[in-house]
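Observations on the three-dimensional arrangement
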Amino acid sequence: MDLSHEFGLAQKETMIMATSANGYAQAVQPIAPEAIHTDTEGLIAEEVRIPTSDGEIDAYYAAPEGGQSLPTVIVIHEIFSVHEHIKDVTRRLAKRGYLAIAPDFFGRQGDVTKLADFQQIFSEVVSKVPDAQVLSDIDAAFDWATQSGLADPARLAVTGFCWGGRITWLYAAHTDRIQAGVAWYGKLSGQSDPLRPQSPLDVAASLKTPVLGLYGGQDTGIPQDQVAAMQDALKDAGSPSRIHVYPDAGHAFHADYRPSFKPLEAEDGFASMIDWFRTYGVS
């Protein structure tokens, strides 16, 4: 795959290195000096309030200036919510011609960007967020985008990182509204509870849209036996979905603001995501 064509060259042309930690979640300080910052030239990039079934949620979106009926991607955040890295991902997609929307799925439960302790993030916020609420919020974000005229309702996709990677699999089983999904190192199995009744492995046979999973072979939080089990379940279901494993990458290899960042794997993953969207008619 030509990395410079799909990611590297475009990134070099449109990005500058971040010079401060402004906008990043407290729990991930200090920010790596190679953290990428994408400018807003030629874009609309701003905050918005999206109506949902029980009020409004905050979101950040980016799109080409003057764009209408655009291919649209919901960017599903990590446990750190919509901090600077997730905003930057939306701008990277907007530079490619997409409307990219990153809703804050944790707002009802708390502001994780202000919490400096990972355990506090999980115990006080993440553990209290119902899957059903998140899936409904994604529906609402697509409703807002299509009703605004910005989105083409026939060209919709989701992508998510870590916590958001798991949600990406679940959303692909929740609806046939989208054309494709890309899950970055999202948890594949785990103990169920009333707020999280199913795992991606549970829904592998009932995916309504094709998902590309991008995983690290050195990810200690997602063992390779779980990845293999998911691959087997997809194969048994005759699903077009598939998983690609980067043997030398660990968890969060796309997170350029963290020590886990693996530039080559991140570039290839981003290029593969764009190719996946193109293959399934999103762009």
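A brief structural summary. (Residues numbered from 1 in each chain as written. Predicted model: local features only at pLDDT ≥ 70, side-chain atom pairs only at ≥ 80, totals over all residues. Heavy atoms only, no water.)

1. Notes on the environment of Ser 136
Using the following cut-off: For the purposes of this entry, the term helix denotes a DSSP run of H or I that reaches at least four residues, the term strand denotes a run of E that reaches at least two, and both are numbered from the N terminus. Each residue is assigned to one of three classes by its accessible area relative to the maximum for its type, calculated with a 1.4 Å probe on protein chains only: buried under 20%, partly exposed between the two thresholds, exposed over 50%.
Tracing the backbone through its elements, the reader meets Ser 136 in helix α4 (residues 131-147). For Ser 136, a relative accessible area of 28% translates into the label partly exposed. In sequence terms Ser 136 and Tyr 171 are 35 residues apart; their C-alpha atoms lie 9.5 Å from each other.

2. As for the packing of α4 against helix α5 (residues 163-174)
We apply this condition: Note on geometry: axes are lines fitted to C-alpha atoms, helical ones only across the stretch in contact, with angles between N-to-C directions running from 0 to 180 degrees. Here the word oblique covers every angle except those under 35 degrees (roughly parallel), over 145 (roughly antiparallel) and from 65 to 115 (roughly perpendicular). Note on definitions: a residue-residue contact is assigned when non-hydrogen atoms from the two residues lie within 4.5 Å. Throughout, the ten residues Ala, Val, Leu, Ile, Met, Phe, Trp, Tyr, Cys and Pro are labelled nonpolar, Asp, Glu, Lys and Arg are labelled charged, and all others, Gly among them, are labelled polar.
Between α4 and α5, the shortest axis-to-axis distance is 10 Å and the interhelical angle comes to 75 degrees. On the basis of the axis angle, α4 is roughly perpendicular to α5. Where α4 approaches α5, its residues Asp 131, Val 134, Leu 135, Ile 138, Asp 139 and Phe 142 are matched on the opposing element by Trp 163, Arg 166, Ile 167, Leu 170, Tyr 171 and His 174. A breakdown of the residues in the contact of α4 with α5 according to their chemical character gives eight nonpolar, one polar and three charged.

3. Notes on the nonpolar core
For the record, the criterion: What is meant by a nonpolar core is a set of buried Ala, Val, Leu, Ile, Met, Phe, Trp, Tyr and Cys residues, joined one to another through side-chain atoms within 4.5 Å.
Judged by nonpolar contacts, the single largest core of 90 residues is most densely connected at Leu 93, Ile 138, Trp 163 and Trp 169. Take this core: its biggest share by element is eight residues, from α4. Setting aside its immediate chain neighbours within four residues, Leu 93 contacts Val 73, Val 75, Tyr 98, Ala 100, Phe 270, Met 273 and Ile 274.

4. Things to note about helix α8 (residues 263-279)
Count 3.6 residues to each turn of an α-helix, and residues three or four apart come out pointing the same way. In plain terms, the rule: In this scheme, a helix's expected span is set at 1.5 Å multiplied by one less than its residue total.
The terminal C-alpha atoms of α8, which comprises 17 residues, lie 24 Å apart, in line with the 24 Å expected from a rise of 1.5 Å per residue. Among the residues of α8, those classed as buried are Glu 265, Ala 266, Asp 268, Gly 269, Phe 270, Ala 271, Ser 272, Met 273, Ile 274, Trp 276 and Phe 277. Once α8 finishes, Gly 281 follows within two positions and takes phi at roughly 80 degrees, a positive value.

5. What to know about the environment of Asp 104
Put simply, the test is: The term polar contact refers here to a pair of N or O atoms within 3.5 Å; inside protein, the definition further demands a hydrogen-donor-capable atom paired with an acceptor-capable atom, and it admits residues adjacent in sequence only when both atoms are side-chain atoms.
Within the fold, Asp 104 resides in the loop between β6 (99-103) and α3 (118-124). As a C-alpha pair, Asp 104 and Thr 220 span 116 residues in sequence and 27 Å in three-dimensional space. Leave out the neighbours within four places in its chain, and Asp 104 touches Ile 57, Asp 58, Ala 59, His 77, Ser 81 and Val 82. In terms of polar contacts, Asp 104 uses its side chain to reach the backbone amide nitrogen of Phe 106, at 2.9 Å.

6. Notes on the layout of surface pockets
Let me state the cut-off plainly: Any residue with an atom within 4 Å of a point lines the site, the site being either a cavity, points on a 1 Å grid over the protein atoms alone where a 1.4 Å probe fits but cannot get out, or a pocket, an open set with protein on both sides within 12 Å along at least 5 of 7 lines. Grid points are joined across faces, edges and corners, and a volume is the space filled by probe spheres set on the points.
A volume near 620 Å³ is recorded for the largest pocket. Along its surface, the largest pocket is lined by 28 residues, and Phe 122, Val 126, Trp 163, Arg 166 and Lys 187 are the ones closest to its centre. Listed by contribution, the elements that provide at least two residues to the lining of the largest pocket are α3 and α5. Across the lining of the largest pocket, the residue classes break down as twelve nonpolar, nine polar and seven charged.

7. Side note on the sheet that holds β6
Put simply, the rule is: The pairing criterion is simple: DSSP has to find at least two bridges between the two strands.
Ordered by their spatial adjacency, eight strands build an open sheet running β3-β4-β6-β5-β7-β8-β9-β10, and the pairing between neighbours is mixed. At either end of the open sheet lies a strand with only one pairing partner, and these are β3 (43-52) and β10 (242-246). The mean angle between the axes of side-by-side strands here comes to 20 degrees, regardless of whether they run parallel or antiparallel. Bridge count for strand β8 (residues 180-184) against strand β9 (residues 211-216) is four bridges, and the pairing is parallel. Its bridge partner being in β9, Ala 183 is matched across the sheet by Gly 213. Relative to the sheet, α4 contacts β3, β4 (55-64), β5 (70-76), β6 and β7 (151-161), its axis offset from that of β3 by approximately 120 degrees.

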